[in-house]
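Notes for the structure review
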Protein chains: 2
Amino acid sequence: MRITTQGDYALKCILRIAADGPQGPVSISRIVDKEGLPLDYLEQLLLKLRRSRLIKSVRGARGGYLLNVPVASITVAHVLRAAEGEIFELICDRKKKDGKKCKGSEDCVLKDVWKNLKNKIETYLGSVKLKDLLKKTRCTVT
Amino acid sequence: MRITTQGDYALKCILRIAADGPQGPVSISRIVDKEGLPLDYLEQLLLKLRRSRLIKSVRGARGGYLLNVPVASITVAHVLRAAEGEIFELICDRKKKDGKKCKGSEDCVLKDVWKNLKNKIETYLGSVKLKDLLKKTRCTVT
DNA sequence: GAATACCCGATATTTTTTGTCAAGTTTAGA
DNA sequence: TCTAAACTTGACAAAAAATATCGGGTATTC
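Structural notes, computed from the coordinates. (Residues numbered from 1 in each chain as written. Chains lettered and ligands numbered in written order. Predicted model: local features only at pLDDT ≥ 70, side-chain atom pairs only at ≥ 80, totals over all residues. Heavy atoms only, no water.)

**Focus: the overall build of chain A**
Along chain A, the regular secondary structure elements total seven helices and four strands. Reading the secondary structure of chain A in the N-to-C direction produces α-α-α-β-β-α-α-β-α-α-β. Here chain A holds 142 residues, and the buried ones make up 46% of them. Excluding contacts between residues fewer than 6 apart, the proportion of contacts in chain A whose partners are at least 24 apart in sequence is 69%. Carbon and sulfur atoms form 47% of the exposed surface of chain A, whose accessible area is close to 7,100 Å². (Helix = DSSP H or I, 4+ residues; strand = E, 2+ residues; numbered from the N terminus. Buried < 20%, exposed > 50% of the residue type's maximum accessible area, 1.4 Å probe, protein only. Contact = heavy atoms within 4.5 Å. Areas by Shrake-Rupley, 256 points an atom, 1.4 Å probe, with all protein chains shown as cover.)

Rendered as structure tokens:
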């Protein structure tokens, strides 16, 4: 189990936008310079963040991205959901997508375990606010 | 984020072994019959479970697998760790494996978030005992 | 109108996961 | 002792997912 780089990158992007946004739109290339991540890939991630309305874009020269909602209202869970879809996908649901399905009892124990786990994960990540992360230091990967 | 079928299968195997073990060694083909999973794949998973000493094998005709420790002492966390390795791998550690490394502060906020999350996940899964799961119903996928 | 910068679908590459195979070794039971 | 059942193990193959790249587009500023 792990967070993918998608989620990691998305968080770094939005933190950068939150941090530098007050000085005007933050361009992708600025993020790339500061965080050292692949530009074309970030473009896709930022598109997702925009479509989920966490950020908005300003097109044209001097354009870039800005937060679309107050920084205090954004949680890590919001960002991950925007970038990766479901934060924790139940294995049972995944099988269902393949046309398979859980047979037998609806109150399968394992399903209950995964549901509880999902709940705990989402509760925690939903409690971590971007605002609080901004106050502290971050690191970049090289 | 998700549990892979490896972990899911491994849990189903060990639950079956725990359930039927008292009547003698549980062979892979028996598990396949009851759970409908791919035999050759289970073979690999059972090997991991054996190497991590959760189960033991009885070779030869009439052989199979048995729990190697009291069922009350096994948790979901134990099984997942045996099957998948780290239950939750920090993205920072994963980068490190590629020869990259977190630059800058050692007290990176994101790392702290992931560490806390890892802790919560492991605590919960470490609290779910196989013994308790045995009492309830399970489902199979077809 | 030229440069900057976002938009977005398509495609390519790499990694991980999942599944299969084949050639062993061990043991029970006839 | 022979045979069939059943585990052992490494190697390989296929499928899926994650990561990354590309190219042609549109909007905006200066």
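Next, the rest of the story.
**Description of the protein's contact with DNA strand C**
Looking at DNA strand C, there are 31 residues lining it, with A:Glu43, A:Arg50, A:Ser57, B:Gln44 and B:Arg59 nearest. Each atom of DNA strand C within 4 Å of the protein was classed as base or backbone; sugar and phosphate made up 66%. Listed by contribution, the elements that provide at least two residues to the surface near DNA strand C are helix H3 (39-51), strand E1 (55-58) and strand E2 (64-67) of chain A together with helix H1 (5-20) and helix H3 (39-51) of chain B. Ranked by residues supplied to the surface near DNA strand C, first place goes to H3(A) with five residues. (Near = heavy atom within 4 Å.)

**Topic: the packing of aromatic side chains**
Residue and element names in this part refer to chain A. The full count for this structure, using the stated rule, is two aromatic pairs over all chains. With a centroid separation of 5.9 Å and 80 degrees between ring planes, the pair formed by Tyr-9 and Tyr-41 is classed as edge-to-face. Separated by 32 residues along the polypeptide, Tyr-9 in helix H1 (residues 5-20) and Tyr-41 in helix H3 bring together distant segments of the chain. What makes Tyr-9 buried here is its relative accessible area of 10%. (Phe/Tyr/Trp six-rings, centres within 6.5 Å; stacked < 30°, edge-to-face > 60°.)

**Notes on the packing of helix H2 (residues 28-35) of chain B against H3(B)**
Residue and element names in this part refer to chain B. Across the interface, H2 lies against H3 with an axial gap of 10 Å and an inter-helix angle of 120 degrees. When the axis of H2 is compared with that of H3, the two are oblique. The chirality of how H2 crosses H3 is right-handed. Where H2 abuts H3, its residues Ile-28, Ser-29, Ile-31 and Val-32 lie against Leu-39, Leu-42, Glu-43 and Leu-46. Counted by class, the contact of H2 with H3 contains six nonpolar, one polar and one charged residues. (Axes fitted to C-alpha atoms, helices over the stretch in contact; angles between N-to-C directions. Parallel < 35°, antiparallel > 145°, perpendicular 65-115°, else oblique. Left-handed = near helix turned anticlockwise from the far one by under 90°. Nonpolar A, V, L, I, M, F, W, Y, C, P; charged D, E, K, R; others polar.)

**A short note on the protein's contact with DNA strand D**
In the region of DNA strand D, 30 residues are neighbours, and A:Gln44, A:Arg59, B:Glu43, B:Arg50 and B:Ser57 sit closest. When the atoms of DNA strand D within 4 Å of the protein are sorted by group, sugar and phosphate make up 67%. Between a phosphate oxygen of DNA strand D and a side-chain N or O atom of A:Thr5, the distance comes to 3.0 Å. The backbone of B:Ile28 places a nitrogen or oxygen atom 3.2 Å from a phosphate oxygen of DNA strand D. For the surface near DNA strand D, the secondary structure elements donating two or more residues are H1 and H3 of chain A together with H3, strand E1 (55-58) and strand E2 (64-67) of chain B. (Polar contact = N/O pair within 3.5 Å; in protein donor to acceptor, adjacent residues only side chain to side chain.)

**Quick look at the pairing of E1(B)**
In the sheet, E1(B) pairs with E2(B) via four bridges, with the strands oriented antiparallel. For B:Lys56, the partnering residue across the bridge sits in E2(B) and is B:Leu66. (Pairing = 2+ DSSP bridges.)

**Quick look at the packing of H1(A) against helix H2 (residues 28-35) of chain A**
All names here are of chain A. H2 packs onto H1 with a crossing angle of 105 degrees between their chain directions and a minimal axis gap of 10 Å. Comparing their axes, H2 and H1 come out roughly perpendicular. Residues Lys-12, Cys-13, Arg-16, Ile-17 and Asp-20 of H1 lie in contact with H2, whose contacting residues are Arg-30, Ile-31, Lys-34 and Glu-35.

**Focus: the pattern of salt bridges**
When their charged atoms lie close together, side chains carrying opposite charge are able to pair. Tallying each qualifying case throughout the model produces 21 salt bridges over all chains. Between B:Lys12 and B:Asp8 there is a salt bridge; the shortest N-O distance is 3.2 Å. Of this pair, B:Lys12 and B:Asp8 both sit in helix H1, four residues apart, which is roughly one turn of that helix. One connected set of salt bridges, linked through shared partners, spans A:Arg16, A:Asp20, A:Arg30, A:Lys34 and A:Glu35. (Salt bridge = Lys/Arg side-chain N within 4 Å of Asp/Glu carboxyl O.)

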